[in-house]
Amino acid sequence: MTDGMKNPAEETKPGLEPLLEVRQITKRFPGVLALDAVSVKFYPGEVHAVVGENGAGKSTLMKIVAGAYVPDSGEIILQNQQVNFAHPVEAFAKGISIIYQEFNLLPDRSVAQNIFLGREPARFGIIDMPQLNKNTTSVLEELGVEKLISPTTLVSSLSVAAQQIVEIAKAISYDSKVLIMDEPTAALTSVEVKMLDDLVRRLKARGMAVIFISHRLGEVFDIADKITVLKDGQLVNTVNVKDASPADVVYMMVGRALDHYFPPLGSAQDFGEVVLQVREASNDFLRDVDLELRRGEIVGVAGLQGSGRTELAQALFGVVPFKTGAIEIRGQTQMVKSPYDAIRLGMGFVTEDRKAEGLCPKQPIRDNMLMTIRALQSLFGFILKDGVRKSRKLVPTLGTQVDVRTDSFDREAQFLSGGNQQKVVLTKWLASDAGIFIFDEPTRGIDVESKASIHDLIRGLTRQGVAVLMISSELSEIIGMSDRILVMRDGRIAGALPAQSREADIMLVATGHPGRNGSDRGVETRKE
Amino acid sequence: MTTLVLDRSGFQRFIRRIPPVYVFLILVFAGGAILDFTLSDGQMITNPAIQTNIFVRSVALGIVAVGQTFVIIGASIDLSVALVISVTAVMTSFIMQGDPAKVPLAILFVSAIGVVTGLVNGLIITKLKVNAFIATLGTTLILRGILNASFANYKGSIPRSFEYFGYGRIGPVPVSVLVLLTVVLAGWFILARTRFGFQLYGTGGNIEVARLSGLRTDRVLIIAHIVSSLTAVLTGLFLVSRLRAGAPWVGPDGVYDLESIATTVIGGTALAGGKGGVWGTIGGVLMFSVIDTLFNQLGVNPFMKNILRGVIIILAVASYTVRSKREAA
């Protein structure tokens, strides 16, 4: 923090030294400035929430503090000493623990074995089992959970919340001073969130600095003392919870200009009949989903991480199907129980994780393009003869249709740029004549230029009568592309908004805070 | 708070700790005994000598399978054990040449071979980052090449005194069975009660978690491979003691590489690592021995027993995946 800027949040703790401070931290990834001279102070006995949209730099900042990334410039000051971490082990040894969203526990080992992994009490290499259990019990007692979790229980038989407590116990057993939690409440029930809340208060009382990343503003305002808002890699502000309202924070999180040109939205005469209709469909992740998709329109699906966006796409495409409810495709009730069903019914799914789910990176571009056609062919047909003839004609056509830049279609797909890879994924579905396209994060990790051409391609599809459901965590993309916008929260479609709604309106529905800023513009929030 | 901890009673937990392979073992033994009674003379139950023989049959595979269990818990694998067994058998009888005075020298020499092989396997896997399957396949081929180039047939012999390992008895109990029991108990103790054991489970369970907890995972894996090679050496010593001379084919002919992996997996040790133990493995080994004995009793073509082994491997492992799916749901 530069000397001239006096932050109101700092004045509340006169005379108290920050436990951890980051100064002017900058981190650049290829093509992205992830953090731009961010400075924050974290005080002992304080819960400090870091909030921001997806891609704002929250996780990057936390990973730098925890030693998983090395910053390009800037300083980390821990208890008045500058520290440099080359590896998470070093940060851990200095008392900074981080609990990631994916658990870092051994499921087939006991609670005690997990907490004291690598530090088991032993004599001549032989474990002192009673001592191990005693040490574990005393750690669990410090958290007040010794009656709930036994040292000898296998971690895999614990609930998600209990596993999280075990991770916290592990951090405490290392005598950590700073505890970072990445979305700790994402998978918890409300009772469990309350427990975590109590636990965090205990940690505060121990004089620890608790930092947590969250999307759920409600919980942030319940638990945190301070909130730091990041946006596009820059620090917006650090505020005291009691001086701010959720609407203020939402306003700080959003409100930026669209960063590139989008193709024109569709108009009423472009939209045709309903091709996909879902009624009251539910599964383990989704509840009472109703939606309609028309020929020629793009429906954007917004929502925070964990709100069920990807699960919606997977349910529609039969990856994790709906268990109840009805799906109608072109007016006929259909069962979509597997991707094979979905493809047969003319759906295409451009997945979020291109490398893992969209492409076979080590196969030639040609084979990637023809994959869906081959999937629909009989397993016992002769691919050799038919495939060669088809590919000779079809592949170059497809290639020009989406403008894949490559010198040869026999090149392995892994050597293409992200944008070109995404185009190859698209051709898979063009080749199978899909009429309903689902895009999950169509431009994640793609450079700006390719982004624009992918956006043009998607809009071009709708002009050929294709219906598009587009999931994105980039609000600018949702607003720039969508003819209608659905907002998801907690596995439901929480609201439907018209084209060109404001970011703030979308965020309010997504965070569950219909506040004073948004409702005047026709936000249609569902009753729960 | 029932939502928080899915706790089980002590009895249930004890039952769950018994590897399910023992259910299969009992079923196979019971089914075998019935077949034996109806089709043959029923000696599988009535004749203690035949029962003892079930255990003696388990010694060779049992010892090396304990070592294999170690590497598999560490999420690695060791294909080189069969050739280490051959090298041990050949070198032992070659060095001993029937001279009792050379027994210690021979044992020392083959142990050194075991340590070096395990060390090389471990170093290739951890430092050169070669997949364990490929790395140990490579060392297997190297050992086979050296062995086949140097020895074509039975070489040398062991002195009478060394036959004690293979044929001796203490009271009614064969010495070799006691050795196997000692190896199993030692294996259990190391895995369940020592730091190395705990760290091996950590390394195999999730190598990133292990590193973040400060474990030197490379070292842990290298030691596990040395343990594996040393158990192969011990199996080789047992075999040469039974056969009285070593030949290059004793390891590969016994299929100790694949069978040690199969029995480990049947015993409930996850191929992905981090889970399992030697008691399950030894249950798998005993089951193989029961099948062998049964086919002997019935006088059926011994190659047929592979069909039953194959079926059992698939059934056992399938039952685990179905079980764990049910638990996850």
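Small disclaimer: the values here were computed from a predicted structure and weren't measured.

Engineer: Any chance you could break down the overall build of chain B for me, citing the residues and the numbers?
Structural biologist: Across its full length, chain B holds 16 helices and two strands. In terms of overall dimensions, chain B is globule-like: its C-alpha atoms have a radius of gyration of 20 Å, near the 20 Å expected for 329 residues. If you line up chain B on its principal axes, its C-alpha atoms span 70 × 55 × 35 Å. Each of the 329 residues in chain B was classed as buried or not, and the buried ones make up 47%. Here the contacts in chain B between residues at least 6 apart in sequence split such that 78% fall between residues at least 24 apart.

Engineer: Go over the overall build of chain A, please, and point to the residues and values.
Structural biologist: In terms of regular secondary structure, chain A is built from 18 helices and 23 strands. Sequence separation of 24 or more characterises 69% of the internal contacts of chain A that already satisfy a separation of 6 or more.

Engineer: Tell me about helix α15 (residues 278-298) of chain B, and please be specific about residues and values.
Structural biologist: Residues and elements named next belong to chain B. End to end, α15 covers 30 Å across 21 residues, agreeing with the expected 30 Å (1.5 Å per residue, within 8%). In terms of burial, α15 is largely enclosed, as 16 of its 21 residues are buried. Count one or two residues on from α15 and you reach Gly-299, which has phi positive near 65 degrees.

Engineer: Explain unusual backbone geometry to me, using residue names and the numbers behind them.
Structural biologist: Residues and elements named next belong to chain B. Notably, Ala-75 is not glycine yet its phi reads approximately 60 degrees, a positive angle. Structurally, Ala-75 can be placed in the loop between α4 (48-73) and α5 (81-96). Positive phi, normally seen in glycine, also occurs at Val-255, with a value near 50 degrees. Tracing the sequence through the fold places Val-255 in the loop between α13 (250-253) and α14 (256-266). Val-255 sits in the partly exposed class, given 13 other C-beta atoms within 10 Å.

Engineer: Please set out the confidence of the model for chain B residue by residue, giving values where relevant.
Structural biologist: Residue and element names in this part refer to chain B. When pLDDT is averaged along chain B, the result is 89, and 95% of the positions lie at 70 or above. Taken together, the stretch residues 1-7 has pLDDT below 50 and engages in 17 contacts with residues farther than four places along the chain or on a different chain. Confidence estimates for the predicted assembly give a pTM of 0.75 and an ipTM of 0.83.

Engineer: Explain the sheet that holds strand β1 (residues 20-29) of chain A to me, and be specific about the residues and the numbers.
Structural biologist: Residues and elements named next belong to chain A. Pairing in this open sheet of four strands is antiparallel, and the strands run β2-β1-β4-β5 from one edge to the other. In the strand order of this sheet, the two ends are held by β2 (32-42) and β5 (81-83), each with one partner. Mean inter-strand twist for the sheet, computed between neighbouring axes without regard to direction, equals 30 degrees. Strands in contact with helix α1 (residues 58-65) are β1, β2 and β4 (73-78); relative to β1, the strand with the most contacts, it is inclined by about 120 degrees.

Engineer: Break down the sheet that holds strand β10 (residues 209-213) of chain A for me, citing the residues and quoting the values.
Structural biologist: One key point about sheets: their strands pair by backbone hydrogen bonds, in either a parallel or an antiparallel sense. Residue and element names in this part refer to chain A. Taken together, six strands build an open sheet; the order of strands is β6-β9-β10-β3-β11-β12 and the sheet is mixed. Each of the sheet's edge strands pairs with one partner strand only, and the pair in question is β6 (96-99) and β12 (234-240). In this sheet, adjacent strand axes meet at a mean angle of 20 degrees when their direction is disregarded. Bridging between strand β11 (residues 226-231) and β12 involves six bridges; their strand directions are antiparallel. Residue pairing across strands places Lys-226 opposite Asn-240, the latter belonging to β12. Sitting on the sheet, helix α8 (residues 246-253) is in contact with β3 (46-51), β11 and β12, with an inclination near 25 degrees to β11.

Engineer: Please give an account of the packing of α5(B) against helix α12 (residues 217-243) of chain B that cites residues and values.
Structural biologist: Between two packed helices, the angle of one axis relative to the other and the distance separating the axes together describe the packing. Residue and element names in this part refer to chain B. It is the contact of α5 with α12, at a shortest axis distance of 7 Å, that shows an interaxial angle of 45 degrees. Between α5 and α12, the angle is such that the two are oblique. For the pair α5 and α12, the sense of crossing is right-handed. Where α5 approaches α12, its residues Val-81, Val-84, Ile-85, Thr-88, Ala-89, Thr-92 and Ser-93 are matched on the opposing element by Ser-228, Ser-229, Ala-232, Val-233, Thr-235, Gly-236, Leu-237, Leu-239 and Val-240. For the contact of α5 with α12, the class distribution of residues is nine nonpolar, seven polar and no charged.

Engineer: Can you tell me about α14(B), naming the residues and giving the values?
Structural biologist: Residue and element names in this part refer to chain B. Of all eleven residues making up α14, ten are buried, and the element is well covered by its neighbours. Buried within α14 are the following residues: Tyr-256, Asp-257, Glu-259, Ser-260, Ile-261, Ala-262, Thr-263, Thr-264, Val-265 and Ile-266. The first or second residue beyond α14 is Gly-268, which carries a positive phi of 100 degrees.

Engineer: For the interface of chain A and chain B, give the residues involved together with the corresponding values.
Structural biologist: Listed per partner, the contact involves 26 residues of chain A and 24 residues of chain B. Listed by contribution, the elements that provide at least two residues to the side of chain A that touches chain B are α2 (88-93), β8 (126-127) and α5 (160-173) of chain A. The greatest single-element share of the side of chain A that touches chain B, amounting to three residues, is contributed by α2(A). Partitioned by chemical class, the residues of the side of chain A that touches chain B number 15 nonpolar, eight polar and three charged.

Engineer: Account for the packing of helix α10 (residues 195-205) of chain B against α12(B), naming residues and giving values.
Structural biologist: Residues and elements named next belong to chain B. At a minimum axis distance of 10 Å, the contact between α10 and α12 shows a crossing angle of 110 degrees. By the angle between their axes, α10 is roughly perpendicular relative to α12. Here Phe-196, Gln-199, Leu-200 and Thr-203 of α10 come into contact with α12, specifically with Thr-217, Val-220, Leu-221, Ile-223 and Ala-224.

Engineer: So what about the environment of B:Ala270? Which residues, and what values?
Structural biologist: Residue and element names in this part refer to chain B. Note on placement: Ala-270 falls in the loop between α14 and α15. Under the C-beta neighbour-count criterion, Ala-270 is labelled partly exposed, with 18 such atoms within 10 Å. It is 9.5 Å that separates the C-alpha atoms of Ala-270 and Thr-69, two residues lying 201 residues apart in sequence.

Engineer: Give a description of the environment of A:Leu78 that names residues and reports values.
Structural biologist: Residue and element names in this part refer to chain A. Checked against the element boundaries, Leu-78 lands in strand β4. Taking the C-beta count within 10 Å as the criterion, Leu-78 has 21 such neighbours and is therefore assigned buried. For the pair Leu-78 and Ile-96, spaced 18 residues apart in sequence, the C-alpha separation works out to 9.3 Å. Apart from the residues lying within four places of it in its own chain, the contact partners of Leu-78 are Leu-20, Val-83 and Lys-94.

Engineer: Quick rundown of the pairing of strand β18 (residues 347-350) of chain A? Include the residues and the values.
Structural biologist: All names here are of chain A. The two faces of β18 match: Met-347 and Phe-349 on one face and Gly-348 and Val-350 on the other face are all buried. Of the pairings in the sheet, the one linking β18 to strand β19 (residues 436-440) comprises four bridges and is parallel in character. Following the sheet pairing, Met-347 is matched in β19 by Ile-436.

Engineer: Before we move on, can you summarise the environment of A:Gly95 with the specific residues and values?
Structural biologist: Residues and elements named next belong to chain A. Among the structural elements, Gly-95 can be located in the loop between α2 and β6. Between the C-alpha atoms of Gly-95 and Asn-240, which are 145 residues apart in sequence, the distance is 25 Å. When neighbours within four sequence positions are excluded, Gly-95 is seen to be in contact with Asp-175, Ser-176, Lys-177 and Val-178.

How each quantity is defined
Residues numbered from 1 in each chain as written. Chains lettered and ligands numbered in written order. Predicted model: local features only at pLDDT ≥ 70, side-chain atom pairs only at ≥ 80, totals over all residues. Helix = DSSP H or I, 4+ residues; strand = E, 2+ residues; numbered from the N terminus. Rg over C-alpha atoms; globule rule 2.2 N^0.38 Å. Buried ≥ 20, exposed ≤ 12 C-beta atoms within 10 Å, placed from the backbone. Contact = placed C-beta atoms within 7 Å. Expected span 1.5 Å × (residues − 1). pLDDT = per-residue confidence, 0-100. Pairing = 2+ DSSP bridges. Axes fitted to C-alpha atoms, helices over the stretch in contact; angles between N-to-C directions. Parallel < 35°, antiparallel > 145°, perpendicular 65-115°, else oblique. Left-handed = near helix turned anticlockwise from the far one by under 90°. Nonpolar A, V, L, I, M, F, W, Y, C, P; charged D, E, K, R; others polar.

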